[in-house]
Amino acid sequence: AVKDFDCEVASVCPFCGVGCQITVRVKDDRIVQVDGRNGPANENRLCVKGRFGFDYAMSKERLTKPLIRRDDAPKAADIDMRFMEVSDVFREASWEEALDRAASGLASIRDEHGGGALAGFGSAKGSNEEAYLFQKLVRQGFGTNNVDHCTRLCHASSVAALLEGVGSGAVSAPFTDAMKSDCILVIGARPGQNHPVAATYFKQAAKQGKKLIVIDPRRQELMRHASHPVQFTPGSDVALLNALLHVIVEEKLYDEQYIQANVSGFEALREKVKDFSPEAMSEVCGVPAETLRDVARTYATAERSIIFWGMGISQHTHGTDNSRCLIALALTTGHVGRPGTGLHPLRGQNNVQGASDAGLIPMFFPDYRSVEAADIRAEMQDVWGRTLDPKRGLTVVEIVDAIHEGAIRGMYIMGENPAMSDPDQLHARAALAKLDHLVVQDIFLTETCWHADVIFPASAHAEKLGTYTNTNRQVQIGRPALPLPGDARQDWELIVELANRIGCGWSYRGVGDIYAEMASVMRSLDHLTWERLNEEDCITYPVSEPGGFGNEVIFTEGFPTKDKRGHLVPADLLPPDEVPDEEFPLVLTTGRLLEHWHTGAMTRRSDVLNAIEPEGIAAMNPAEIARRRLTVGDMIEVGTRRGTITALLRADRDVADGMVFIPFCFNEAPANVLTNPQLDPFGKIPEFKYCAARVAKL
Ligand code: SF4
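Here the structure is a predicted model, which is why all the values come from computation and not from measurement.

Before going further, it helps to examine the overall build of the protein chain. Tallying secondary structure elements over the protein chain gives 24 helices and 30 strands in all. Radius of gyration (C-alpha) of the protein chain: 24 Å, near the 26 Å computed for a compact globule of 698 residues. In terms of principal-axis extent, the alpha carbons of the protein chain reach across some 70 × 65 × 60 Å. Buried positions account for 66% of the 698 residues belonging to the protein chain. Excluding contacts between residues fewer than 6 apart, the proportion of contacts in the protein chain whose partners are at least 24 apart in sequence is 74%. In the form shown here, the protein chain has an accessible surface area of approximately 23,900 Å², with 49% of it arising from carbon and sulfur atoms. On the protein chain, the mean spot of the 74 positive side-chain charges and the mean spot of the 95 negative ones are 2 Å from each other.

Time to look at the packing of aromatic side chains. By the definition in use, this model includes 13 aromatic pairs. Relative to Phe 308, the ring of Phe 202 has its centre 4.5 Å away and its plane inclined at 40°; by these criteria the two rings are tilted. Placement of Phe 202 in helix α7 (residues 196–207) and of Phe 308 in strand β12 (residues 305–309) is noted, with a sequence separation of 106 residues between them. Side by side, Phe 202 and Phe 308 carry an identical accessibility label, which is buried. Each ring, one from Tyr 515 and one from Trp 530, has its centre 5.7 Å from the other, and the planes form 35°; the classification is tilted. One end of the pair, Tyr 515, is in helix α21 (residues 511–520); the other, Trp 530, is in helix α22 (residues 530–536), and 15 residues separate them in sequence. Classification of Trp 530 as buried rests on a relative accessible area of 15%.

Across the junction of Tyr 541 and Pro 542, the peptide omega takes the value 0°, indicating a cis bond. You can see Pro 542 is positioned in the loop between β21 (538–540) and β22 (566–567). The phi torsion at His 598 lies on the positive side, around 50°, for a residue other than glycine. Note that His 598 resides in the loop between β23 (586–591) and α23 (607–612). The class of His 598 is buried, set by a relative accessible area of 13%.

With 15 residues, helix α14 (residues 319–333) should cover 21 Å at 1.5 Å per step; its first-to-last C-alpha distance of 22 Å lies within 8% of that length. Counted residue by residue, α14 has 15 buried out of 15 residues, so it is predominantly covered. Looking at the residues trailing α14, positive phi occurs at Gly 334, about 70°.

The next subject is the side chain of Thr 675. Along the chain, Thr 675 turns up in the loop between β27 (659–663) and β28 (676–679). Judged by relative accessible area, Thr 675 falls into the buried class, the value being 1%. A polar contact is formed between the side chain of Thr 675 and the side chain of Asn 672, at a distance of 2.9 Å. The contacts of Thr 675, once residues within four sequence positions are left out, are Pro 423, Asp 424, Thr 590, Arg 642, Phe 688 and Cys 691.

Moving on, we get to the sheet that holds strand β18 (residues 454–457). In spatial order, the strands read β5-β4-β18-β17-β16-β6-β7; together these seven strands make up an open sheet with mixed pairing. Where the open sheet ends on each side, the last strands, each with one partner, are β5 (90–92) and β7 (147–148). Sheet analysis places strand β17 (residues 437–442) next to β18, joined by four bridges and oriented parallel. Pairing of Val 439 across the sheet is with Val 454, part of β18. Those strands touched by helix α3 (residues 95–113) are β4 (67–69), β5, β6 (118–121), β16 (410–414), β17 and β18, and its axis lies near 130° from that of β18.

With that out of the way, let us pick up the environment of Val 12. Summarising the element assignment, Val 12 is placed in strand β1 (residues 7–12). Residue Val 12 is classed as buried on the basis of its relative accessible area, which comes to 3%. For the pair Val 12 and Thr 589, spaced 577 residues apart in sequence, the C-alpha separation works out to 31 Å. When near neighbours in sequence (up to four residues on either side) are disregarded, Val 12 contacts Cys 20, Gln 21, Ile 22, His 461, Tyr 468, Gln 476, Ile 477 and Gly 478.

Right, let's talk about the pattern of salt bridges for a bit. Counted under the stated rule, the structure contains 55 salt bridges. Two residues, Glu 271 and Lys 274, come together in a salt bridge whose shortest N-O distance is 3.1 Å. We classify Glu 271 as partly exposed; its relative accessible area is 47%. Residue classification places Lys 274 among the partly exposed positions, given a relative accessible area of 49%. Note that Glu 493 is salt-bridged to Arg 489, the shortest N-O span being 3.4 Å.

Parameters at a glance
Residues numbered from 1 in each chain as written. Predicted model: local features only at pLDDT ≥ 70, side-chain atom pairs only at ≥ 80, totals over all residues. Heavy atoms only, no water. Helix = DSSP H or I, 4+ residues; strand = E, 2+ residues; numbered from the N terminus. Rg over C-alpha atoms; globule rule 2.2 N^0.38 Å. Buried < 20%, exposed > 50% of the residue type's maximum accessible area, 1.4 Å probe, protein only. Contact = heavy atoms within 4.5 Å. Areas by Shrake-Rupley, 256 points an atom, 1.4 Å probe, with all protein chains shown as cover. Lys, Arg positive; Asp, Glu negative; His and termini not counted. Charge placed at Lys NZ, Arg CZ, Asp CG, Glu CD. Phe/Tyr/Trp six-rings, centres within 6.5 Å; stacked < 30°, edge-to-face > 60°. Expected span 1.5 Å × (residues − 1). Polar contact = N/O pair within 3.5 Å; in protein donor to acceptor, adjacent residues only side chain to side chain. Pairing = 2+ DSSP bridges. Axes fitted to C-alpha atoms, helices over the stretch in contact; angles between N-to-C directions. Salt bridge = Lys/Arg side-chain N within 4 Å of Asp/Glu carboxyl O.

Written out as structure tokens, the structure is:
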């Protein structure tokens, strides 16, 4: 450990939803080391991002002054930051001028065209308090529910299925319960890359002899530890999962007593899965029938089984159906509501759980309470003192479409980078360029900033105080370790400044005040006081009594649905929206790399992480590369019906034949130029995991 430091700060990792607790060592206002702490999610462990990715906060590229777009600056969809000087497009401004300009632009659109002409994207990287304030500003100040964030691009379909099936979008048990389980099923997730510390628990459990079933269209390192590694045909999730359910029903492996006491819809499910025998589905999903039977028996007959899933399940036009099948596996076998069992969608960003809980989504107030329910709305109107919009708002991709249609004219974007993260990126950038007024609040000049009229330089994770909720429902405190650079300001202060300039009349003395108001409208935070969190650093919600421990395992006595039962919803077999053909013969899938986080805004400015993965790649199986007479290291062109990009060709045995994988973090090879914006009808999540593509040597 570094010995020469001025102070140590106890905080949490700013990257993934695992929520590792960290000790940040600071010398001369610079972070010199990050170490793991003994938090409940990491027990001193850290991955490469948590340990070495801290220097982004001290990057010379940080925004330090408010910026205003020059009157003569171009505002085009294809504006490319790599070939522009910042001073050609923006001029520095005082805070007063920037805040006034931002507020007056948004207010005049609201006053002339109504609140529905505005929208806001908040951030899952920010704290719970920032998420709460942001959605309150949009609902109370803008007068619309057009507020969303990156959950729409990751687990929106999982949450839709969970709310419908078990009445709660949160996980039923922490990932550390893998250690108490007899059978761990990981599907459509690559925890070794995306939740590395969680993956250590899965490997540890496997080493102790627990069954580990890993199911994914791409092979992965975790499969080396698995008792059942299963690679299947991309897009055939429902076929595979219904085949497992078929075996459970046909071989009577279900828990009749549990179903009778707790579950509805079993007869409809039994009827639906009749035609999905493993023998019939084997060819569809590319898995031998006997393997499917073995997996079903292993999962169903274990004393305690638990399911983890990720974007491979959720980012499909049938993403909600995929999650419905996973819920059906757990409910029919009674593998829920006990330690070592349950349903756990592995959350991506560090605070995507908390931001969603805090209401940063268009259809729900905080705590997933419907904006369309008159009684709930009346309650929130009493707290916020304004008449609120009775209609659910638009989601991320719908907002982009509404801009093109002229219905949305102004936006406030805090900490999100839709110019890189949204599907069909050129379409999304054209929308941003079309806005009459765009205010962006961020720590770097992201791809989205280049379309802004006003840019607020904001606070990095290491500079702020706030709470973050990890994938395990553990609410944890992040503490400031660094001073703000230049004139940058705290995100929460900027939201308040903007709110008060458009007539909200807010007064908060600090983050504790915001937390107190948020907790007063969220029953899930009962007994989680600001004081307790500061003292204990981490509390799992829900807590049943004052001073009590959080309930790590929920659904122990039924479900929080109206009839207290879990609901089975059978799923049909639907093809992906766009399947390969002669012109576009490959399947394109996108995702993340271990070293880079989402659109790369932070990790590409971290020296260690960027040195390991420095340039945009496209990965294909060596056999596919040979078949296409390509050479590893070639620059190739990858094209879909939406556009083309160039990337360095990498050989990767994990990628299936007929497939190309591109991480979406590289702005020089932006994968989302290629992706299909078609939405899952329930969760409104785009089909990032599957579209038709072609490759050619440049
Ligand atoms: Fe941070 Fe996630 Fe790595 Fe933990 S596993 S150190 S939370 S990136």
